[in-house]
Amino acid sequence: MSTRQEVSRQRRRRAHGCWGHLIVAPLWPKHGVNLGTLLRTCDAVGACMAVPKHKWVPEALDRGNTLRRPSCVHWVNDPRGWLLRERAVGTRIFAVELADEAIRLGDLPAAGGRSIALLGHETYGIPEDVLDLVDVAVEIPMIGSGISLNVAVAGSLVLYKLAGML
């Protein structure tokens, strides 16, 4: 078993810039604390985060983020317009959403190119007028009585799968 020091030496020494490969997009956040937690997962898998330009979002990112280095954050004014522009350049959009045609998380392949993991509001999901822009819906199987996981947990699971780390 590797020691903690050996594992630490294998990790990046500084924050990554925008690699333009994997972006998690919680564009309709309900709870600010989830954003900082999800930003830590972005650092772990080499992803960026796209967030809406709401007044409370920068503080929420700072509060939940315990990283000592800056992270790659894209600010989005118009979610639908941003997604349309991303589709136009060939970005694949994976929505974490319950849908009839959704694939199970376990069957999700690693991202082969620029990809967005789109996350909706914890209560209302992804708005109907945006679902037509999605390439693949991803379902996280659950056997409990809840209908969804919180945004940080769901986003983290999907990011690890898309990054090819699970």
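Model, not experiment: these values are computed from the prediction.

> Account for helix α2 (residues 33–45), with residues named and values stated.
Every buried residue belonging to α2 is among Asn34, Leu35, Gly36, Leu38, Leu39, Thr41, Cys42 and Val45, and all of these are buried. The first or second residue beyond α2 is Gly46, which carries a positive phi of 80°.

> Tell me about the packing of α2 against helix α6 (residues 151–162), residues and numbers included.
Close contact between α2 and α6 brings their axes to 8 Å; oriented N to C, the two are set at 15°. Comparing the axis directions of α2 and α6 gives the class roughly parallel. In the crossing of α2 with α6, the sense of the turn from one axis to the other is right-handed. Across the interface between the two elements, Asn34, Thr37, Leu38, Thr41, Cys42, Ala44 and Val45 of α2 pack against Val151, Ala152, Gly155, Ser156, Leu159 and Tyr160 of α6. Tallied by class, residues from the contact of α2 with α6 come to eight nonpolar, five polar and no charged.

> Give me the nonpolar core: which residues, what numbers.
Within the largest apolar cluster, 28 residues are counted, with the highest numbers of intra-cluster contacts made by Val24, Met49, Val158, Leu159 and Leu162. If you list the elements that add at least two residues to this core, you get β1 (22–26), α2, β2 (48–52), α3 (57–64), β4 (92–96), β6 (115–119), β7 (136–139) and α6. Setting aside residues up to four positions removed in sequence, Val24 forms contacts with Leu38, Cys42, Cys48, Met49, Ala50, Ala117, Leu119 and Leu159. Within the second largest apolar cluster, 18 residues are counted, among which are Ile23, Trp28, Ile116 and Ile126.

> Can you explain the layout of surface pockets? Please cite residues and give values.
Computed from the structure, the second largest pocket encloses a volume of approximately 390 Å³. Lining of the second largest pocket is provided by 20 residues; of these, Val96, Glu97, Leu98, Ile147 and Ser148 occupy positions nearest its centre. Elements supplying a minimum of two residues to the lining of the second largest pocket: β7 and α6. A per-class count over the lining of the second largest pocket returns 11 nonpolar, six polar and three charged.

> Tell me about the pattern of salt bridges, residues and numbers included.
As enumerated under the stated definition, the model contains three salt bridges in all. Of the charged contacts in the structure, one is a salt bridge between Arg114 and Glu86, with a shortest N-O distance of 2.8 Å. Separated by 28 residues along the polypeptide, Arg114 in the loop between β5 (103–104) and β6 and Glu86 in helix α4 (residues 79–88) bring together distant segments of the chain. Assessed through its relative accessible area of 27%, Arg114 is described here as partly exposed. For Glu86, a relative accessible area of 10% gives the class buried.

> An account of the side chain of Ser115 is needed here, citing residue identities and associated values.
Considering the arrangement of structural elements, one finds Ser115 in strand β6. From its side chain, Ser115 meets the backbone oxygen of Gly113 in a polar contact 2.9 Å long. With sequence-adjacent residues up to four places away left out, Ser115 is seen in contact with His21, Leu22, Ile23, Thr91, Arg92 and Phe94.

Criteria and thresholds
- Residues numbered from 1 in each chain as written.
- Predicted model: local features only at pLDDT ≥ 70, side-chain atom pairs only at ≥ 80, totals over all residues.
- Heavy atoms only, no water.
- Buried < 20%, exposed > 50% of the residue type's maximum accessible area, 1.4 Å probe, protein only.
- Helix = DSSP H or I, 4+ residues; strand = E, 2+ residues; numbered from the N terminus.
- Axes fitted to C-alpha atoms, helices over the stretch in contact; angles between N-to-C directions.
- Parallel < 35°, antiparallel > 145°, perpendicular 65-115°, else oblique.
- Left-handed = near helix turned anticlockwise from the far one by under 90°.
- Contact = heavy atoms within 4.5 Å.
- Nonpolar A, V, L, I, M, F, W, Y, C, P; charged D, E, K, R; others polar.
- Core = buried A, V, L, I, M, F, W, Y, C linked by side-chain atoms within 4.5 Å.
- 1 Å grid on protein atoms, 1.4 Å probe; cavity = no way out; pocket = protein on both sides within 12 Å on 5 of 7 lines; lining within 4 Å.
- Points joined across faces, edges and corners; volume = space filled by probe spheres on them.
- Salt bridge = Lys/Arg side-chain N within 4 Å of Asp/Glu carboxyl O.
- Polar contact = N/O pair within 3.5 Å; in protein donor to acceptor, adjacent residues only side chain to side chain.

Read these as geometric descriptors, not functional statements.
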